[in-house]
Amino acid sequence: MSFAKYFIKKPIGELHEEIPTEYSLKRVLGPINLVNIGVGSIIGAGIFVLTGTAAATHAGPAIVLSFILGGIVCAFAGLCYSELASLIPISGSAYSYAYATLGELIAWIIGWDLILEYTLGSATVAVGWGGYVVSLLKDLHLVIPPQFTAPLGAKLADGTTGFFNLPAFLIVMAITVLLVIGIRESAKFNNAIVFVKLLVIFAFLFFGVSHINFANWYPFIPKNTGKMGDFGPSGVVTGAAVVFFSYIGFDAVSTAAQEAKNPRRDMPIGILGSLFFCTLLYILVSGTLTGVVNYHDLNVPDPIAVGVNKIGMPWLALLVKIGAILGLSSVILVLFYGQTRVSYAMALDGLMPKFLGKVHKRFHTPYITTIIFGFLIAFAAALTPIGKLGEMVSIGTLFAFIIVCAGVIYLRMKQPDLPRAFRCPLVPWVPIGGIVSSLYLMSGLPLDTWMRLIIWLIIGLVIYFTYGHKNTKAGVIT
Ligand code: ALA
């Protein structure tokens, strides 16, 4: 249910205790659950797949620095998200916060951008999922023809070209069905998956550390090849822009604000706690991986499993693959779920066609939006290389960060007296730090990725001015 419309009609200072009881959810989540939700949606294809690609093609062992850089950018944005989340303790996303505080146009831009982030984000993770499934099946002597495990036109090792990434397509279709019939992650299921993901990662660290070959860390920052972003200092920035994907999801914690026992205290703990934990883990994993395997050999769909193979523990490689497959499935589910709820909220607010907000009579899920986006995500996953998808998600998310950080500064100036349970420290410097560092990471992304973002935003604005703006005026909360 979107509350944005409801709140926008109230003076903003009166927002807090105003959630109508028929819409209110049980407040059951404590700080540990919230950190778990964060970790559940953060750890995914970023660390399991993109670390390898980014080390092999951009940063080398300095991928560790890329992760630190990415973590810093997210910490700035995380502090700003926390202030917004504690200001408006309603269920939703950056879209709902923006609607209630920054107005309709900004909300539209963020919502449209979030659709890009979540749609392509779930496609990216689906491709990573496919990589681990193909690798697991190979261990079981089941080989899918490589043309059906790679995107259209991809050059394959045997000299042929890829046609359609079938495993990635199928997992998205399966998750579409789950979302239509209404199975979403319960807190218990999420905890179990988080446990499995962490188990395989800690096992890798535990057994990997003693197999680090220090020679693999030299040169720590490989020499630039002459092309911007291919190793050298610029490679570290490009690497950060790519692995930045691994941090996406910490904002998912803010969507649980309405179910948190003490949202004003626990939201920031959930967001920043899960971010801090993951940053630490990523630094350790990427350092160990590039120490165990030379970065040249990491441009593979299953780098962590390659690392474990190098250690010489086939049983652990099997465990890593199963853990990755389970873990990645839950990330696809969470991201796709987020996508359907954003477009559902936008449809209820009148910004998107009403049929996207239509709920299934029996399953009570927004089934039309789920099915339409299910096909879009599945085809994007089947036809596009993971690197390109990940870059689009990164640029879209960084753009949303910039708006959120700017929003915090704007609201502090316009409405300084609002009750803020969590205050972002050192305003405006922290939000400015968020804006500048996001722009810095965006500068590491290729021009064609920028062009795609700009085209996406232009299409969004055309739809807003020709459709959304007119319809939302007539909209009422339902
Ligand atoms: N952070 C999530 C991942 O790495 C999206 O898969």
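Residues numbered from 1 in each chain as written. Predicted model: local features only at pLDDT ≥ 70, side-chain atom pairs only at ≥ 80, totals over all residues. Heavy atoms only, no water.

A. Structural context of the overall build of the chain. When its secondary structure is counted, the chain shows 16 helices and zero strands. A total of 478 residues make up the chain; the buried ones form 59% of that total. A fraction of 79% describes how many contacts in the chain between residues 6 or more apart in sequence connect residues 24 or more apart. If you sum the accessible surface of the chain, you get close to 19100 Å²; carbon and sulfur atoms cover 72% of it. (Helix = DSSP H or I, 4+ residues; strand = E, 2+ residues; numbered from the N terminus. Buried < 20%, exposed > 50% of the residue type's maximum accessible area, 1.4 Å probe, protein only. Contact = heavy atoms within 4.5 Å. Areas by Shrake-Rupley, 256 points an atom, 1.4 Å probe, with all protein chains shown as cover.)

B. Region of interest: the site of the ligand. Taken together, Ser41, Ile42, Gly44, Ala45, Gly46, Val125, Phe245, Ser246, Ile248 and Val331 form the complete shell of residues around the ligand. Contact distances for the ligand include 2.8 Å between an oxygen atom and a backbone N or O atom of Gly46. Between a nitrogen atom of the ligand and a main-chain N or O atom of Ser246, the distance comes to 3.1 Å. With the chains in place, 100% of the 220 Å² that the ligand exposes on its own is no longer accessible. More than half of the atoms of the ligand fall within 2 Å of the grid points belonging to the largest cavity. Residues belonging to the shell around the ligand are distributed by class as follows: six nonpolar, four polar and no charged. (Near = heavy atom within 4 Å. Polar contact = N/O pair within 3.5 Å; in protein donor to acceptor, adjacent residues only side chain to side chain. 1 Å grid on protein atoms, 1.4 Å probe; cavity = no way out; pocket = protein on both sides within 12 Å on 5 of 7 lines; lining within 4 Å. Sits in = over half its atoms within 2 Å of the grid points. Nonpolar A, V, L, I, M, F, W, Y, C, P; charged D, E, K, R; others polar.)

C. Molecular detail of the pattern of salt bridges. For the structure shown, the criterion picks out five salt bridges. Where Arg412 meets Glu83, a salt bridge forms, and the shortest distance between an N and an O atom there is 2.7 Å. A residue pair is termed long-range when its members are at least 10 positions apart, and Arg412 in helix H14 (residues 386-414) and Glu83 in helix H4 (residues 63-87) qualify at 329 residues. Note on Glu83: relative accessible area 2%, which makes it buried. Its salt-bridge partner being Lys388, residue Glu391 comes within 2.9 Å of it at the nearest N-O pair. Pair noted here: Glu391 and Lys388 are both in helix H14, with a separation of three residues, about one helical turn. Given a relative accessible area of 11%, Glu391 falls into the buried group. Taken together, the shared-partner salt bridges in this structure form one network comprising Lys388, Glu391, Asp448 and Arg452. (Salt bridge = Lys/Arg side-chain N within 4 Å of Asp/Glu carboxyl O.)

D. Layout of a nonpolar patch on the surface. A contiguous nonpolar surface patch, about 790 Å² in accessible area, is contributed by Phe148, Leu152, Phe163, Leu166, Leu170, Ile371, Phe375, Phe379 and Leu383. Per-element accounting of the nonpolar patch gives the leading share, four residues, to helix H13 (residues 367-383). Along the chain, the position of Phe375 falls in helix H13. Residue classification places Phe375 among the partly exposed residues on the basis of a relative accessible area of 41%. (Patch = residues over 30% accessible without salt bridge, like charges linked within 9 Å, V, L, I, M, F, W, Y side chains within 5 Å.)

E. Examining the environment of Leu29 more closely. When you line up the elements, Leu29 lands in the loop between helix H1 (4-8) and helix H2 (31-42). For Leu29 and Lys261, which are 232 residues apart along the polypeptide, the C-alpha to C-alpha distance reads 5.5 Å.

F. Seen up close, empty space enclosed by the protein. Throughout the structure, instances matching the rule amount to one cavity of 30 Å³ or more. The calculated volume of the largest cavity comes to roughly 50 Å³. Considering the residues around the largest cavity, the lining is formed by Ser41, Ile42, Gly44, Ala45, Gly46, Val125, Phe245, Ser246, Ile248, Val331 and Leu335. Mapped onto the lining of the largest cavity, the elements with two or more residues apiece are H2, helix H3 (45-59) and helix H12 (314-348). In terms of residue class, the lining of the largest cavity is made up of seven nonpolar, four polar and no charged. (Points joined across faces, edges and corners; volume = space filled by probe spheres on them.)

G. Region of interest: the confidence of the model for the chain. Of the residues in the chain, 89% have a pLDDT of 70 or more, and the chain-wide mean is 83. Between residues 1-24, whose pLDDT stays under 50, and residues either more than four places distant or in other chains, the model counts 55 contacts. Per-residue pLDDT stays below 50 along residues 474-478; that stretch engages in nine contacts with residues further than four places along the chain or on separate chains. (pLDDT = per-residue confidence, 0-100.)

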